[in-house]
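Now for the letters of each chain:
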Amino acid sequence: MDATVNRAVFLDRDGTLVADGRYAHDPEKMVLLGGVCAGLRLLETAGYQLIVVTNQSGIALDYFTEPELHRMHERLAQLLAEEGVRIGAFYYCPHHPRGAVAEYAFDCTCRKPAPGMLLKAAEEHQIDLPRSWLIGDILDDVEAGNQAGCRSILLNVGTETLPTVPSRTPAYVARDFLAAVRFILASDDLL
Ligand SMILES: [Mg+2]
C-alpha cells in the first residue's frame, strides 16, 4: 500500500459502537456493543485507520455542551484503549437546522447524510475514500458514506427498511459489527 495514502473505516458512534441512549451524554453510562472491540482490533491490525463520525445535534438543541461531548469521546477512547484499540480521530456534527443554540442552528454540510465529516477527515488524514468503508446503523450513515465515495455497510438493527435508491443503498447489510468487519476484510482480500 502507498505509504502516503491511508484507508479508513468510518464509524458511526451511537447504535454502532455504543448503545444508543437518545442524546446520551453521561460518560459513565457508555456501553460498548458486542463484537466492537474484537472487530476494531481486526480492522486496526489489517491497517485501517479508525475514524468516528457522529451527528451530535444534542449540542445545537441545548441538551449538552461541546465539553460534555469531549468527555464522552475521551471515555470512549479510554474504553477502547483498555482493549488495545486506538481511534485515530473523532469528528462530530454539533449542528441542527432548528437548533436552540444560535451558533449551531443552521443547515450545515457535515450533518449525515451529508458527507462533510468524511471529506474533512479524508483531507486531514490523507485517506483514500474509494478504498475506505463506513459502518453505521441507519441509512443516513450509508448515504454519507456513499456520497463520500466509500463503501458503506448497514448494521441491521431492524429500524430501517432497505431503500431502492442507490444513494442510500449499502454495499452490505450485516447482522452485527463483527459480520461487517468480516465483510470488509473479505472484500479487500485481507482475511
Ligand atoms: Mg447511529
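Up top you'll find the structure we're talking about.
What comes next is a walk through the structure. It should be emphasised that the depicted structure is a prediction, and the values quoted were computed from it without experimental measurement.

Overview of the overall build of the protein chain
Then, in step 1: Scanning the protein chain from terminus to terminus reveals 5 helices and 6 strands.
Then, in step 2: A compact globule built from 191 residues would reach a C-alpha radius of gyration of about 16 Å, and the protein chain, at 16 Å, matches this within 12%.
Then, in step 3: Oriented by its inertia axes, the alpha-carbon framework of the protein chain measures out at about 45 × 40 × 35 Å.
Then, in step 4: Contacts spanning at least 24 positions in sequence make up 64% of the contacts within the protein chain whose residues lie at least 6 apart.

A look at the packing of helix α1 (residues 36–45) against helix α5 (residues 177–187)
Then, in step 1: Axis separation between α1 and α5 bottoms out at 8 Å; the angle between their running directions is 15°. As judged from the angle between their axes, α1 and α5 are roughly parallel. The handedness of the crossing between α1 and α5 comes out as left-handed. Taken together, the residues of α5 that come into contact with α1 (itself represented by V36, A38, G39, L42 and L43) are F177, L178, V181, I184 and L185.
Then, in step 2: Each residue belonging to the contact of α1 with α5 can be placed in one class, and the counts come to 9 nonpolar, 1 polar and no charged.

A word on helix α2 (residues 66–81)
Then, in step 1: Taking 1.5 Å per residue as the helical rise, α2 with its 16 residues ought to reach 22 Å, and the 22 Å between its terminal C-alpha atoms agrees with that figure.
Then, in step 2: Listed in full, the buried residues belonging to α2 are M72, L76 and L80. Along the long axis of α2, the arc covered by the buried residues comes to 70°, so they all point the same way. Exposed and oriented more than 90 degrees from the buried face of α2 are P67, E74, Q78 and A81.

Remarks on the environment of K29
Then, in step 1: Within the secondary structure, K29 is located in the loop between β1 (8–11) and α1.
Then, in step 2: When the C-alpha atoms of K29 and A148 are compared, they prove to be 32 Å apart, with 119 residues separating the residues in sequence.
Then, in step 3: Those residues in contact with K29, other than ones at most four positions away along the chain, are G21 and A24.

Points about the nonpolar core
Nonpolar side chains in soluble globular proteins tend to end up buried together.
Then, in step 1: Counting 43 residues, the largest nonpolar core has V9, F10, L11, L118, W133 and I135 as the members making the most contacts within it.
Then, in step 2: Among all residues touching I135, those that are not within four sequence positions of it are V9, L11, D12, T16, I153, L155 and A180.

Some remarks on the sheet that holds strand β3 (residues 89–93)
Then, in step 1: Reading across from one edge, β3-β2-β1-β4-β5-β6 is the order of the 6 strands in this open sheet, with parallel pairing throughout. Two strands in the sheet have a free side with no partner beyond their single neighbour: β3 and β6 (172–174). Sheet twist, expressed as the average angle between the axes of neighbouring strands with direction ignored, equals 25°.
Then, in step 2: By the bridge criterion, 3 bridges tie β1 to strand β4 (residues 133–136) in an arrangement that is parallel. By the bridge assignment for β4, L11 is matched with I135.
Then, in step 3: Sitting on the sheet, helix α4 (residues 139–148) is in contact with β1, β4 and β5 (151–155), with an inclination near 170° to β5.

Remarks on unusual backbone geometry
Then, in step 1: Following K112, the chain continues to P113 via a peptide bond in cis, the omega torsion being 25°.
Then, in step 2: The residue P113 is located in the loop between β3 and α3 (116–125) in this model.
Then, in step 3: Even without a glycine there, the phi angle at Q126 is positive, about 50°.
Then, in step 4: Within the chain, D189 stands out as a residue other than glycine whose phi angle is a positive 60°.
Then, in step 5: In this structure, D189 sits in the segment after α5.

Calculation rules
- Residues numbered from 1 in each chain as written.
- Predicted model: local features only at pLDDT ≥ 70, side-chain atom pairs only at ≥ 80, totals over all residues.
- Helix = DSSP H or I, 4+ residues; strand = E, 2+ residues; numbered from the N terminus.
- Rg over C-alpha atoms; globule rule 2.2 N^0.38 Å.
- Contact = placed C-beta atoms within 7 Å.
- Axes fitted to C-alpha atoms, helices over the stretch in contact; angles between N-to-C directions.
- Parallel < 35°, antiparallel > 145°, perpendicular 65-115°, else oblique.
- Left-handed = near helix turned anticlockwise from the far one by under 90°.
- Nonpolar A, V, L, I, M, F, W, Y, C, P; charged D, E, K, R; others polar.
- Expected span 1.5 Å × (residues − 1).
- Buried ≥ 20, exposed ≤ 12 C-beta atoms within 10 Å, placed from the backbone.
- Arc of directions from axis to C-beta.
- Core = buried A, V, L, I, M, F, W, Y, C linked by C-beta atoms within 7 Å.
- Pairing = 2+ DSSP bridges.

Don't take any of this as a statement about function, it's just geometry.
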